[in-house]
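Summary of structural features
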Amino acid sequence: VLRFAERTKGARRSAIRELLKYTEQPEVISFAGGLPDPATFPLDFLAKVAQEEILHNAVKSLQYTTTEGKRPLREALVRWLAEEGIHTTMDRIVITNGSQQGLDLLGRAFLDEGDAVFVSLPTYLGALQAFQAYRPTIVGIPLENDGMDLAFLRRAIREARRSGHEPKLIYVVPDFQNPTGITWSKEKRAELLKIAGKEDLLIVEDIPYRWLRYKGEHIPTIASLDEEGRVIVLLTFSKILAAGLRVGALVGPEEVVNMVVTLKQGADLCGPSLTQRLVVRFLTEYDVHAHIARLCQHYKVKLETMLQALSQYMPEEAEWTKPEGGLFVWVKLPEGVDTAKMLERALAHKVAYVPGQPFFADGSGQNTMRLSFALATKEELKEGIRRLGAVVKEEIAALSVIRGS
Ligand SMILES: Cc1ncc(COP(=O)(O)O)c(C=O)c1O
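Residues numbered from 1 in each chain as written. Predicted model: local features only at pLDDT ≥ 70, side-chain atom pairs only at ≥ 80, totals over all residues. Heavy atoms only, no water.

**Considerations on the packing of helix H7 (residues 150-162) against helix H8 (residues 186-199)**
For any two helices packed against each other, the geometry is given by the interaxial angle and the distance between the axes. Put simply, the test is: Lines fitted to the C-alpha atoms define the axes, with helices restricted to the stretch that makes contact. Angles between their N-to-C directions range from 0 to 180 degrees. Numbering goes from the N terminus for both helices and strands, where a helix is a DSSP run of H or I of at least four residues and a strand is a run of E of at least two. By the definition adopted for this analysis, an angle is roughly parallel if under 35 degrees, roughly antiparallel if over 145, roughly perpendicular if from 65 to 115, and oblique otherwise. Crossing chirality is assigned from the near helix's rotation relative to the far helix, an anticlockwise turn below a right angle marking it left-handed and a clockwise turn marking it right-handed. Whether two residues touch is decided by their heavy atoms; if any such pair falls within 4.5 Å, the residues are in contact. Only Asp, Glu, Lys and Arg are considered charged, only Ala, Val, Leu, Ile, Met, Phe, Trp, Tyr, Cys and Pro nonpolar, and every remaining residue, Gly among them, polar.
Relative to each other, H7 and H8 sit at 15°, their axes nearing to 11 Å. By the angle between their directions, the pair H7 and H8 is classed as roughly parallel. Classified by chirality, the crossing of H8 by H7 is right-handed. The segment H7 lies against H8, with Leu150, Leu153, Arg154, Ile157 and Arg161 engaging Lys188, Glu191, Leu192, Ile195 and Glu199. In the contact of H7 with H8, the residues fall into 5 nonpolar, no polar and 5 charged.

Structural data, given as structure tokens:
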């Protein structure tokens, strides 16, 4: 008999990763993945610097490195973050294996069983998975078009305290959120900081999509508005360089970073030296701004094509977000439609998406779905949304028959 630990009881495989098996058939047009487009990876540059690092810099690129990560990388990140109004120092940065490891280490550092973590409804599924391992009480806060419902958050914090769940973290993805594409207004960012100050809580600001803005104005990071050291930033090179390098960073108050470094020693000793070296060279030798401008142009066309196709092919009962960046559009169908069930019909029509429910900490959201426009071509975007529109119409019609309306 295998006697797994108690904390594994709630562990679930990502519904999305399981689903990808079915969506990989060649005829299926898939909006299901959350992956960046590999056509955006700077292959020649990476190949050149990887060869140089291995042949001429092996002690630095193939030996263990420090747990906190390569010094030149942390130095480059200090400069890079200053452009986002985040003024930090090298000793307040720890390099992580993607931002996903940052989420896990924060769970390990802060969450005792039953502690309250506040997330939006919906939120990034990987954050739910990372936190759930530490058995906290995850409290879902409705997400509006400009950020969380903050009056609801205030009440939820008080309610958690009253019922013996110590509030610890507020987790947010304020720029082009996964899964909805929603971006927080500046007002709500400032207001969230006030709440965190008053309630003595930490904010985890996860910003993987921040650099993928295709239109509209930049909104300051929450961290740049923070004067009290309440914000922990998670960033990653997954969406702006290459996801398989697994290089991200956690940036925060010194005590938090020190604790995370201690815990990371137990997790992996250190991150991969080679890919950290590649990112150092990317930040110091490549024209990063031009690269990001190209990425934005690449994805902008795809987003516009998807939005245009949605207005052409979706029935009027459907609603969707109109993001200004990121990789996702979020669709809401009438109450009663179950997008998990509808997926079978969609696969029969050779189109795939991610059902929205797993992104909801409270189990709601049956009638929602996430569409990624990152991987499909323009033609596939149009054809895929045409198919999806037909699927949704059929599903709504079937539902009306059952209801006798
Ligand atoms: C909001 C958010 N946070 C974190 C991650 C994890 O990314 P990585 O571990 O590749 O940095 C993702 C990936 O999709 C994400 O969407």
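Following the structure, the description resumes.
**With respect to the packing of aromatic side chains**
The geometry of two aromatic rings is summed up by the distance between their centres and the angle between their planes. The condition is simple: Pairing of aromatic rings covers Phe, Tyr and Trp, the last through its six-membered ring, and needs centres within 6.5 Å; plane angles under 30 degrees mean stacked, over 60 mean edge-to-face, and all others mean tilted. Accessibility here uses a 1.4 Å probe with only protein chains present; expressed as a share of the type maximum, an area under 20% marks a residue as buried, one over 50% as exposed, and anything in between as partly exposed.
A complete count under the given rule lists 10 aromatic pairs for this structure. Residues Trp80 and Trp211 carry aromatic rings whose centres are separated by 5.2 Å and whose planes lie at 15° to one another, so their mutual orientation is stacked. Here the residue Trp80 occupies a position in helix H4 (residues 71-82), and Trp211 occupies one in the loop between strand E7 (202-206) and helix H9 (222-225), the gap between them amounting to 131 residues. Each member of the pair Trp80 and Trp211 is classed as buried. Plain terms: the ring middles of Trp330 and Phe360 are 6.0 Å apart, the flat faces sit at 35° to each other, and that makes the pair tilted. Note that Trp330 is positioned in strand E11 (residues 328-332) and Phe360 in the loop between strand E13 (354-355) and strand E14 (368-372), a separation of 30 residues in sequence. With relative accessibility at 8%, the residue Trp330 sits in the buried group. Of the residues examined, Phe360 reaches a relative accessible area of 12% and is grouped as buried.

**What to know about H4**
Threshold: A helix is expected to reach a length of 1.5 Å times the quantity of its residues less one. Throughout, the arc means the angular range of directions from the helix axis out to the C-beta atoms.
With 12 residues, H4 ought to run about 16 Å at 1.5 Å a step, and its terminal C-alpha atoms sit 17 Å apart, in line with that. Along H4, the residues that are buried comprise Leu73, Arg74, Ala76, Leu77, Trp80 and Leu81. Buried residues in H4, looked at end-on, bunch into an arc of 160°, giving them a common side.

**Comments concerning the pattern of salt bridges**
To keep it simple, the criterion reads: The working definition used for a salt bridge is a side-chain nitrogen of Lys or Arg within 4 Å of a carboxyl oxygen of Asp or Glu.
A complete count under the given rule lists 31 salt bridges for this structure. Glu304 is paired through a salt bridge with Lys300; the nearest N and O atoms lie 3.8 Å apart. Of this pair, Glu304 and Lys300 both sit in helix H12 (residues 288-313), 4 residues apart, which is roughly one turn of the helix. Taking relative accessible area as the criterion, Glu304 reaches 42% and is therefore assigned partly exposed. Across the pair Glu383 and Arg386 runs a salt bridge, and its minimum N-O distance is 2.9 Å. Taken together, the residues Glu383 and Arg386, both in helix H14 (residues 378-403) and 3 residues apart, mark about one turn of the helix. You can call Arg386 partly exposed: its relative accessible area is 38%. Through salt bridges that share partners, Lys48, Glu52, Glu53, Arg277, Arg281 and Glu285 make up one connected network.

Structural measurements only, silent on function.
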